[in-house]
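Summary of the model geometry
What follows is the residue order along each chain.
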Amino acid sequence: MHDDDTPFRTPVPTFDRPTLLSSCAQATTAEEARFRVQYPNAAPRSSRIVALDDGAARMMDDIIAEPRPAAHFLKVAPRQPDISPNEVVLLRLDGDEALLSTELAGADVVVLIATSAQGRRAAEIIGRVARAASVTTAGLIVTADAADDVVRMMRPVTGVLVVSPDADHLAAMLSALRA
Amino acid sequence: MLTKEVNDLLTQTTPGTPMGSMFRKYWIPALLASELPANDSAPVRVKLLGERLVAFRDSEGRYGLIDEFCAHRGVSLWFGRNEEGGLRCPYHGWKYDHTGQCIDVPSEAAESGFCQKIKLTGYPLVKIGDILWTHMGDKAERPPLPVWEFCTVPEEQTFTSKRWQECNWLQAMEGGIDSSHVSFLHSGSLKTDPLFRGAAGNKYNQQDRKPVFEVVDAPGGLFIGARRNAEDGQYYWRITPWVMPSFTMVPPRGDHPMHGHFWIPIDDENCWAWSFDYHPTRALSAEERQSMIDGYGVHNQYVPGTFRPLQNKDNDYLMDREAQRRGETYSGVWGIAMQDASLQESMGPIVDRTKENLVSTDNGIIMARNRLRRAVQALVKSGATPPGIDPAHQKVRSVAAVLPADAPFVEACREDLTVRPGVKQTSV
């Protein structure tokens, strides 16, 4: 016996349960599926997609044609003036600068994309600030090579991490998450 | 969320559909070998990928899996007489061999050669381990036989069961790669199930109910890692391999046997959940084998004489609200297998994925769907061989391990995630 053992009860078969309209036997049919209430059961999620390095920025460029009204696509700016230890300068698609603090306001999820460890400092700040603001973070590492360094960079700053050699996972992930 | 088009693409497997064509590239489990226990034993009706078939074992021990219906008048050959090297239709005596070739039409002169012109569709049926495997695709493209470890270890080391699950294969399979539900749905079973309890690693599950997930592409599919806090700043990792199209393994617990599943479409609204347990280096104990027969672990109890679970939608899965209140089960449904099946069937025969709201912890499912979509589209476009056919892709194991905080789990466990004959599984 182990200390986490507890008595176990096997089910006693009973066949005296009548099948009612609300029983699983009726409720799970294809016919009943059409009575599932049709309504938008989730408010749109506001996403920030941040390319941490040049390779990630190119990947992002490949998917921005698809309309994603609730997503802001951002790149880490090449020049980072020393504003604050909790701030990162980002670039919007039109080239305008935006501050991390501004972008995080109202964001539900931040997706960080990396192809190398080039964006280590920005990743650390974004992850830390997002966590403090209770904003969910997800990471996508796209590389065909060993990703040890990039994993070590991304793991502490993301709530879930995906590692793939294929760039098309980005679009799939964003669509699946309604980002 | 998936668009309706992609949901249809991934869930439809009948003949002529893209996913159906992909499934037909693989060797898939068709029957338990015990369903055809002896030469000339009773034929068995089999429905796979939307095709009605009949399986039999002829007088010489050759297995056949052929079109269920006689070419003459469409009678089911399940009523047939399995004797003297073939299956004879009881209506007018037409007889077929294990390949589906008609070998006797009593009403026609043997010299006429008429029966040579009659051929039912036939698929190979090969016994490997406890399972009869079939390949329902082009004979010219038949892949190497399967080499999954659970069916290639000595028979005393392995046990396989199957259950009818009344929903599409994809939503059943997605349960096998969705590690995040374990902390909730199966939380009661870690303490009580004889095939799970007592492992040192269980304490990490119980202490940290918010695992963090990492998903890593693999040549044959994915590795899905769930990490929890362990001692000294280390992480306890549970690593689930998914091999395309529908093989999943549960990470091991202590020295308990390892287990996993195949999810095989019967048609678009039903599937077979194949469940296996094996130990790489030792025989299963009598107690372990009996626990599997009794429906513990990933197995289940049956309506006698069938592969339908005893707990099924017609009896509301024997829902026990008192057990739920006592904390013995989280959902009120007994047993790990039926805890999963009951909820997956409640989603409807084919869940409408345009309505779902996935979150970032669902990335294993998201990635798997994307791999399937890409493989199907590549197959249709260029005939590309899908992942999972290469025997090297099948030589995987699940792993449970405590690793340093910064260790990439796939690299750190590269050998442990690979089948090593004679070497025990890596487990905590």
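Summarised in this report is the structure supplied together with it. (Residues numbered from 1 in each chain as written. Chains lettered and ligands numbered in written order. Predicted model: local features only at pLDDT ≥ 70, side-chain atom pairs only at ≥ 80, totals over all residues. Heavy atoms only, no water.)

**What about the overall build of chain B?**
Helix and strand content of chain B: twelve helices and 19 strands. Here chain B, with 428 residues, has 61% of them falling under the buried criterion. By element, 53% of the accessible surface of chain B is carried by carbon and sulfur atoms, the whole surface being about 15800 Å². (Helix = DSSP H or I, 4+ residues; strand = E, 2+ residues; numbered from the N terminus. Buried < 20%, exposed > 50% of the residue type's maximum accessible area, 1.4 Å probe, protein only. Areas by Shrake-Rupley, 256 points an atom, 1.4 Å probe, with all protein chains shown as cover.)

**Observations regarding the sheet that holds strand E1 (residues 27-32) of chain B**
Residue and element names in this part refer to chain B. Spatially, three strands are ordered E1-E11-E10 in an open sheet, and the strand pairing comes out antiparallel. Of all strands in the sheet, those bounded by a partner on one side alone are E1 and strand E10 (125-128). Direction aside, neighbouring strands of the sheet carry axes that sit 40° apart on average. Where E1 and strand E11 (residues 131-135) come together, five bridges link them in antiparallel fashion. Note on E11: the bridge partner recorded for Leu-32 is Ile-131. (Pairing = 2+ DSSP bridges. Axes fitted to C-alpha atoms, helices over the stretch in contact; angles between N-to-C directions.)

**Quick word on the sheet that holds strand E6 (residues 86-88) of chain B**
All names here are of chain B. Sheet architecture is open: four strands sit in the order E5-E6-E7-E8, paired in antiparallel fashion. Sheet topology places strand E5 (81-83) and strand E8 (102-104) at the edges, where each strand pairs with a single neighbour. Two strands pair when backbone bridges link them, and E6 and strand E7 (residues 95-96) are joined in this way by two bridges, in the antiparallel orientation. Across the sheet, Leu-87 pairs through a bridge with Tyr-96, a residue of E7.

**As for helix H3 (residues 54-63) of chain A**
Within H3(A), burial applies to Gly55(A), Ala56(A), Ala57(A), Met59(A), Met60(A) and Ile63(A). For H3(A), the elements touching its buried residues are strand E1 (47-51), strand E2 (71-76), strand E5 (109-114), strand E6 (136-142) and helix H7 (168-176) of chain A. (Contact = heavy atoms within 4.5 Å.)

**Digging into the pairing of strand E3 (residues 51-57) of chain B**
For a regular strand, side chains alternate in direction, first toward one face of the sheet and then toward the other. All names here are of chain B. Along E3, six of the seven residues are buried, which leaves the element largely enclosed by surrounding structure. Both strand E2 (residues 44-48) and E3 contribute to a ladder of five bridges, which runs antiparallel. Paired with Val-46 across the strands is Leu-53, a residue of E3. With antiparallel pairing between neighbouring strands as the criterion, E2 and E3 make up a hairpin whose turn holds two residues, including Leu-49 at a positive phi of roughly 50°. Where E3 meets strand E4 (residues 63-67), five bridges bridge the pair, whose relative direction is antiparallel. When the bridges of E4 are listed, Leu-53 appears paired with Asp-67. Between E3 and E4, which pair antiparallel in sequence order, lie five residues; one of them, Gly-61, sits at a positive phi of approximately 85°.

**Notes on the nonpolar core**
In this structure, Leu52(A), Phe150(B) and Leu372(B) are the most contacted members of the largest nonpolar core, which totals 138 residues. No other element matches helix H10 (residues 363-382) of chain B, which puts eight residues into this core. Setting aside residues up to four positions removed in sequence, Leu52(A) forms contacts with Val76(A), Leu112(A), Ile113(A), Ala114(A), Gly119(A), Ala122(A), Ala123(A), Ile126(A), Met153(A) and Met154(A). Counting residues in each nonpolar core, the second largest holds 14 residues, with Cys89(B), Tyr96(B), Cys102(B) and Val105(B) among its members. (Core = buried A, V, L, I, M, F, W, Y, C linked by side-chain atoms within 4.5 Å.)

**Re the pairing of E1(A)**
Residues and elements named next belong to chain A. A large share of E1 lies buried, amounting to five of its five residues. As defined by bridge partners, E1 adjoins E5 across five bridges and the pair is classed as parallel. When the bridges of E5 are listed, Ser-47 appears paired with Val-109. As defined by bridge partners, E1 adjoins E2 across five bridges and the pair is classed as parallel. Counterpart to Ser-47 in the pairing with E2 is Ala-71.

**A word on the side chain of Thr158(B)**
Residues and elements named next belong to chain B. With respect to the helices and strands, Thr-158 occurs in strand E12 (residues 158-165). Within polar-contact distance, the side chain of Thr-158 engages the backbone oxygen of Asp-277 at 3.4 Å. Excluding residues within four positions of it along the chain, Thr-158 makes contact with Asp-130, Phe-150, Val-153, Asp-277, Tyr-278, Leu-284 and Arg-289. (Polar contact = N/O pair within 3.5 Å; in protein donor to acceptor, adjacent residues only side chain to side chain.)

**What to know about helix H7 (residues 286-293) of chain B**
Residues and elements named next belong to chain B. Taken as a whole, H7 has its buried residues at Glu-288, Ser-291 and Met-292. Buried residues of H7, viewed axially, fall in a sector of 100°; they line one side. Across H7 from its buried face, at more than 90 degrees, point the exposed residues Ala-286 and Glu-287. Each element contacted by the buried residues of H7 is listed here: E12 and strand E18 (270-278). Note on H7: the residue one or two positions beyond its end, Gly-295, has a positive phi of about 95°. (Arc of directions from axis to C-beta.)

**Section: the pattern of salt bridges**
If the charged atoms of two oppositely charged side chains come close together, the side chains can form a pair. Under the defined criterion, the tally for this structure stands at 40 salt bridges over all chains. Close ionic contact of Asp61(A) with Lys75(A) constitutes a salt bridge, the shortest N to O distance being 3.2 Å. Of the two residues, Asp61(A) sits in helix H3 while Lys75(A) sits in strand E2, which places them 14 residues apart along the sequence. The exposure class of Asp61(A) is partly exposed, given its relative accessible area of 35%. Across the salt bridge formed by Glu214(B) and Arg227(B), the nearest N and O atoms sit 3.2 Å from each other. Here Glu214(B), found in strand E13 (residues 212-218), pairs with Arg227(B), found in strand E14 (residues 221-229); they are 13 residues apart in sequence, far enough to count as distant. In this pair, the class of Glu214(B) matches that of Arg227(B), namely buried. Salt bridges linked by common partners bring Asp166(A), Asp168(A), Arg373(B) and Arg374(B) together as one network. (Salt bridge = Lys/Arg side-chain N within 4 Å of Asp/Glu carboxyl O.)

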